[in-house]
There are 2 protein chains.
Amino acid sequence: MFNNRVKISQLLTWEPAQQEVTVMGWVRTFRNNQFIALNDGSTNTNLQVVVELGKFDEALLKRITTSAALKIRGVVIPSLGKGQKLEVKADSIEILGDSDPEKYPLQPKKHSLEFLRDIAHLRFRTNTFASVFRIRHSLAFAVHKFFHERGFLYLHTPIVTASDAEGAGEMFRVTTLPFDNPPRNEDGSINFKEDFFGRSTNLTVSGQLEGELGATALGEIYTFGPTFRAENSNTTRHLAEFWMIEPEMAFCDLEDNMNLAEAFIKYIIRYAMEHNKEDIEFLASRLAEEEKQLPADKRSEMGLVEKLEFVVNNDFERITYTEAIDILLQSTPYKKKKFQYEVKWGVDMQSEHERYLVEKHFKKPVIVTNYPKEFKAFYMRLNDDNKTVAAMDILAPGIGEIVGGSQREERLSVLEARMKEMNIPAEELWWYLDTRRFGTVPHAGFGLGFERMVQFVTGMGNIRDVIAFPRAPKTAEF
Amino acid sequence: MFNNRVKISQLLTWEPAQQEVTVMGWVRTFRNNQFIALNDGSTNTNLQVVVELGKFDEALLKRITTSAALKIRGVVIPSLGKGQKLEVKADSIEILGDSDPEKYPLQPKKHSLEFLRDIAHLRFRTNTFASVFRIRHSLAFAVHKFFHERGFLYLHTPIVTASDAEGAGEMFRVTTLPFDNPPRNEDGSINFKEDFFGRSTNLTVSGQLEGELGATALGEIYTFGPTFRAENSNTTRHLAEFWMIEPEMAFCDLEDNMNLAEAFIKYIIRYAMEHNKEDIEFLASRLAEEEKQLPADKRSEMGLVEKLEFVVNNDFERITYTEAIDILLQSTPYKKKKFQYEVKWGVDMQSEHERYLVEKHFKKPVIVTNYPKEFKAFYMRLNDDNKTVAAMDILAPGIGEIVGGSQREERLSVLEARMKEMNIPAEELWWYLDTRRFGTVPHAGFGLGFERMVQFVTGMGNIRDVIAFPRAPKTAEF
């Protein structure tokens, strides 16, 4: 057994009383041949290890360089230094792994986020990314905890699929056929019957349709898995591979759906605020520092912590699409022709419009409901006006759309008519329609892009900095 | 707001005292125009709803058929029937969705598992599959809880990858290139620089290598995500898409790894036993019923519940590969030439050998360690004998290999030599080798196939019956 260490995050909660202890970690700094700042990934607060002068070989001390891995036995004593309650006086120091300071890419100085993206395999070793990934963990755990406590079942919907759930965008093909001489039908088209799955298959863009199958039997389910978009978007808000959470509830209408989504978002943010206080505060000061570089009018009105507290403690605004358009038509930027895109009932809102509503007009998260059916998916429930559907989007400050959901069309004949209108092949979705044939129920659900939520809570500006190894156009390293 | 129902699983814990209540669910049976057995997916125990004679329209009563969806308001009263404490006397009955009994594929009779696989979108509505998926949820939640409590971070490793972690098997290509006239290099080969990710990419077979990057900075991480094998295996134990859990721990050797894996397996089984008692007992009797059809010598010695209790309450056996081979060479089936495959030091064990060790010799889970390096992956730590590696496989009764793990080779020069021996291209894995260059540490990890664990706990014989929508050769429906 090798692992008899105490994690530094735990050790830092002890009362120092000469306890013998073993710690292991990586050197952040080594000052005056006397003070090792040791980090093991459990917290950004380094453990101070005191090396008595003359007690250890010079040859050993020379190897205590940034990022060298050490195993240290010692005793826990009160610290005289400020800002720390305790330190460890070393009795023995073992070098587990050297690190050549000339070659180590992460120098103890500030690196740009772009540079760190190129060495994503090492960026976990910085305070910024260690905080981001500890918060990401907490948010993920809170997702499971929230739904588990409410009796939702975690359903693993398929990643490889033959159906395009929403017509939601371009898809990645999954295949074992060779590009050279692929099998062909008589008419020259590719014979996908010869492909691994006996048909043409893609990476899923959403688990929703399968989620509905689960909900209309098990009651309430949620998914939390990877989804994919083969869109050539090189923005700070898009990934080709991202994780999505999709709850789906039987016996549920649009209002229930909004209530759940709002409670859910508040719950997971609150969980991270309670369990990752230190990390959030670290990222808040990082962000404040970053914003100092910006002109005054580009800076956020609220710091990260205030923003999160504000979201958690205030009701989300709820308005219809029609009301949203009215507000935009009355707005100063509209009147001054500052909007780039058209504002008109029946036309989808663009990011600039959503930002105006959220960041300028309401200054809080906004749930927009009842969009025109023309630009929403076939499965959304048609409202009695025959023009709008029971959709809801949640827009968050600085992030934009973070949730998209709807009550689902449970009426077979209405659904079939919509599918026909929109050229969705009913025969491919026979199984989906079966849920409307046999004991259909009002039901609803939504999807939350997990990385956007992590961005929101960490304040990181680029979505590629909140997932371990981002996948984007021309980007699949590691 | 539509959802003011009480879930049946909750309602059944109440003391009946004339409480007014709304319940919603699907009809399982309707006896004598008087007793509705209602199910909402929260439990297999149906709620009995009593319909007073003459109180409701005949036309309404006719629509109360198997699988029709109902909303019922009524009062909770003590039940006179046996086996149930309470029932609901209906004040109002609303048909949410009809179900034509002539067309509904799930009749109230026993269906074969094969038939149910063809209607996987409806099989959640059977007791067997509702139990399986409630248990699957509990196991998944227990996975997160176990690691969270120990300070492991949940890391989402990439699904689309350019690297083949283990050379572990055939892979699915992920591409947006067209089969007709794909871009080609001058030499006629396909120009994958034109593909979406700017290179040739596949679906991951394991998140381990990326997991190691996380662990050697954050300390302890785990993954829980989908993995893929493009193998043409039509067995009861293989899927093309399955979920895997892969913890990875810095400062950890093989023994620590075994201790963690054993504690982990016991924890999640115990969690399901405590939280899904009713479901496990239901599946236990289902299995006992099924086994009655078998000849006496093919039946299990233990029932499902006893088997789980036995695993949870006993230490796993720990033996080396060398000891395992010795036991096999001394065994009756070997001496009577009953083994189909060769038994010899240096040759990998086959399923028949593993089953003998687990089911006949030790009659409990067995951890086999220190396999010959020849048939193990390049990243496993070379033992001092230069012949074996610090690998461990956990073999479980009835399932076979459920965990594969190892201490990782942390010594750069040894690792590089092994990679050269095995033709693993070092330049593609530069980032992996960096962790050995800069502060390398002893570390270890393992992978657990989640579906096999669900099989073990539910007693389901076919792995396609423990995942919602199985993916296998020629199988990608739903």
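Everything below is about the structure shown above.
The text that follows walks through the structure, step by step, so that each part is easy to find. Note that the coordinates shown come from a computational prediction; the quantities given were computed from them, not determined experimentally. (Residues numbered from 1 in each chain as written. Chains lettered and ligands numbered in written order. Predicted model: local features only at pLDDT ≥ 70, side-chain atom pairs only at ≥ 80, totals over all residues. Heavy atoms only, no water.)

## Quick look at the pairing of strand β5 (residues 86-97) of chain A
Residues and elements named next belong to chain A. Inclusion rule: When DSSP finds two or more bridges between two strands, those strands count as paired. We count a stretch as a helix when DSSP gives it H or I for four or more residues in a row; a strand needs E for two or more, and each element gets its number in order from the N terminus.
In this sheet, β5 lies alongside strand β3 (residues 47-50) in parallel orientation, the contact comprising two bridges. Pairing of V49 across the sheet is with V88, part of β5. Here strand β4 (residues 69-78) pairs with β5 via ten bridges, running antiparallel. When the bridges of β5 are listed, I72 appears paired with I93.

## Details of the relation of the copies chain A and chain B
Basically, it comes down to this: Least-squares superposition aligns the copies on the C-alpha atoms of those residues with pLDDT at or above 70 in both. By definition in these notes, contact holds between two residues if any of their heavy atoms fall within 4.5 Å.
Screw-axis analysis of chain A against chain B gives a translation of 0.0 Å along the axis, an RMSD of 0.0 Å, and a rotation angle of 180°. The operation mapping one copy onto its partner corresponds to a two-fold rotation axis. Among all residues of chain A, the one whose C-alpha sits closest to the rotation axis is A:V174, at a distance of 2.5 Å. Taken as a fraction of all interface residues of chain A, those also at the interface in chain B reach 100%, which identifies the copy contact as same-surface.

## Quick notes on the sheet that holds strand β6 (residues 153-154) of chain A
Residues and elements named next belong to chain A. To keep it simple, the criterion reads: A fitted line through C-alpha atoms represents every axis, and for helices the fit uses only the stretch in contact; the resulting angles, taken between N-to-C directions, go from 0 to 180 degrees.
With mixed pairing, the eight strands of this open sheet are ordered in space as β6-β10-β11-β16-β15-β14-β13-β12. Of all the strands in the sheet, the pair left with one neighbour each is β6 and β12 (317-320). Strands in contact with helix α5 (residues 208-218) are β6, β10 (220-228), β11 (241-250) and β16 (443-449); relative to β11, the strand with the most contacts, it is inclined by about 30°.

## Observations concerning the pairing of strand β13 (residues 366-372) of chain B
All names here are of chain B. Note the cut-off: Per-residue accessibility, obtained with a 1.4 Å probe over protein chains only, is compared with the maximum for each type, and a residue is labelled buried under 20%, exposed over 50%, and partly exposed between these values.
Burial of β13 is extensive: six of the seven residues sit out of reach of the surface. In the sheet, strand β12 (residues 317-320) pairs with β13 via four bridges, with the strands oriented parallel. Across the sheet, the residue bridging to E317 is V366, located in β13. Pairing between β13 and strand β14 (residues 388-396): six bridges, direction antiparallel. Its bridge partner being in β14, I367 is matched across the sheet by I394.

## Section: the side chain of B:T65
All names here are of chain B. The line we're drawing: Identification of polar contacts relies on pairs of N or O atoms within 3.5 Å, with a donor-acceptor requirement for protein atoms, meaning one able to donate a hydrogen and the other able to accept it, and with residues adjacent in sequence counted only if both atoms are side-chain atoms.
Tracing the chain through its elements places T65 in the loop between α2 (58-62) and β4 (69-78). Within the structure, T65 has its side chain in polar contact with the backbone oxygen of S99 (distance 2.7 Å). Those residues in contact with T65, other than ones at most four positions away along the chain, are V27, S99 and P101.

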